[in-house]
Amino acid sequence: ILLLVSTVVDYYIGQRIYNTEKENKRKILLFVSLGVNLGILGFFKYFNFFVDSFQSMINGFGGNVDSLHLNIILPVGISFYTFQTLSYTFDIYRKRLEPTNNIVDFALFVSFFPQLVAGPIERAKDLLPQLYKKLSPTKDQLKEGATLIVLGLFRKVMIGDTAGRIVDHIFGNLHLYKSIEIVAAILLFGIQIYADLSGYSKIARGTAKILGIELMVNFEQPYLSRNITEFWRRWHISLSSWLK
């Protein structure tokens, strides 16, 4: 339902922005898109967080807001498809992209399953033109896709999940370990996060290649960076470029 709402809202707002000349109306439409998408994201991701924070604040006064808690389950991939649909609206607003006239194509862009759950976050100007074409993967794409999937699974399952089991055990039983072991767990946690995210990105890129679609590289060996600026450019590249 949330995917459907984001898809319909941004499809029609994109067309309205493109066909509207008055700048104030264009801005209003842009803010409607921002309000709907970020409102949904903020509600599902942060509502209970703010309730908990408010509860902590009024505890000293004997207050209670437990009744405000909602049994909210965070929808899978909500951040990624929210950013992806917003990028479409932004690009049309900044006159970098013409809106698509086919809502099915746009829905496929929003819900393209290989990168729906954890990225990379694709810009409409890069992914939509590929979806317009008849998809026919080449032999090279099939080979590269299979290789990326195998490498991604190895990185995600063999490295990320294995490291995660060790990290969870140490963090869950800190009283049993010495400082050096806890420091080692912190470093291992960095490896776990990288292996999880970059492994998934490889799987997503490989799956897309097998379908004849090229997705952007999302990680470029960030732990070999010389400084924090370079690290930012090489870690979750699609997110940093989207924010930029």
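My aim in this report is to walk through the structure given alongside it, one point at a time.

What counts, and at which threshold
In this convention, every chain numbers its residues from 1, walking through the sequence in written order. Predicted model: local features are reported for residues with pLDDT of at least 70 only, side-chain atom pairs are reported and counted for 80 or more only, and whole-chain, interface and lining totals are derived from all residues. Note that water and hydrogens are dropped before the side-chain values are worked out from all heavy atoms of the structure. Residues belong to one nonpolar core when they are buried, are Ala, Val, Leu, Ile, Met, Phe, Trp, Tyr or Cys, and are joined through side-chain atoms within 4.5 Å. Remark: exposure states derive from per-residue accessible area (1.4 Å probe, protein chains only) relative to the maximum for the residue type, with buried under 20%, exposed over 50%, and partly exposed in between. The secondary structure listing takes helices from DSSP runs of H or I that are at least 4 residues long and strands from runs of E that are at least 2 residues long, numbered from the N terminus. Only protein atoms enter the calculation, which uses a 1 Å grid: trapped sets of points that fit a 1.4 Å probe without letting it out are cavities, open sets showing protein on both sides within 12 Å along at least five of seven lines are pockets, and any residue with an atom within 4 Å of a point is a lining residue. Grid points are joined across faces, edges and corners, and a volume is the space filled by probe spheres set on the points. Residues are sorted three ways: Asp, Glu, Lys and Arg are charged, Ala, Val, Leu, Ile, Met, Phe, Trp, Tyr, Cys and Pro are nonpolar, and all the rest, Gly among them, are polar. Helix span, expected: 1.5 Å multiplied by one less than the number of residues in the helix. Two axes enter the definition of the bend at a residue: one is fitted to the seven residues ending there, the other to the seven starting there, and the bend is the angle between them. Residue contacts are counted whenever heavy atoms from the two residues lie within 4.5 Å of one another. Helix axes are fitted only over the stretch in contact, all axes being lines through C-alpha atoms; the angle between N-to-C directions runs from 0 to 180 degrees. Should an angle lie under 35 degrees it is considered roughly parallel, over 145 roughly antiparallel, and from 65 to 115 roughly perpendicular; all remaining angles are considered oblique.

**Quick word on the nonpolar core**
(1) Moving on: Counting 33 residues, the largest nonpolar core has Tyr88, Phe109, Leu127 and Ile213 as its most contacted members.
(2) Moving on: Within the residue set of this core, elements represented by two or more residues are α1 (2-19), α2 (23-58), α3 (78-93), α4 (103-111) and α5 (124-132).
(3) Moving on: At 8 residues, α3 tops the list of elements feeding residues into this core.

**Section: empty space enclosed by the protein**
(1) Moving on: Inspection of the entire model under this criterion finds 1 cavity of 30 Å³ or more.
(2) Moving on: By volume, the largest cavity is sized at about 30 Å³.
(3) Moving on: Contributing to the lining of the largest cavity are Phe80, Tyr81, Gln84, Val110, Gln115, Leu116, Gly119, Pro120 and Ile121.
(4) Moving on: In terms of residue count, α3 provides more of the lining of the largest cavity than any other element does, 3 residues in total.
(5) Moving on: Partitioned by chemical class, the residues of the lining of the largest cavity number 6 nonpolar, 3 polar and no charged.

**Description of α2**
Each full turn of the α-helix corresponds to 3.6 residues, which orients residues three or four apart in the same direction.
(1) Moving on: Its 36 residues place the ends of α2 only 44 Å apart at the C-alpha level, less than the 52 Å of an ideal helix rising 1.5 Å per residue.
(2) Moving on: At Tyr46, α2 shows its strongest bend, of approximately 55°.
(3) Moving on: Among all positions of α2, only Arg26, Leu29, Leu30, Ser33, Leu34, Asn37, Ile40, Leu41, Asn48, Val51, Gln55 and Ile58 are buried.
(4) Moving on: Buried residues along α2 sit in contact with α1 and α3.

**As for the packing of α1 against α3**
(1) Moving on: For the pair α1 and α3, interaxial distance at closest approach is 9 Å and the crossing angle is 5°. Between α1 and α3, the angle is such that the two are roughly parallel. When α1 is examined against α3, the residues Leu2, Leu3, Ser6, Asp10, Ile13, Gly14, Ile17 and Tyr18 are found in contact with a partner set consisting of Ile78, Tyr81, Thr85, Tyr88, Thr89, Ile92 and Tyr93.
(2) Moving on: Across the contact of α1 with α3, the residue classes break down as 10 nonpolar, 4 polar and 1 charged.

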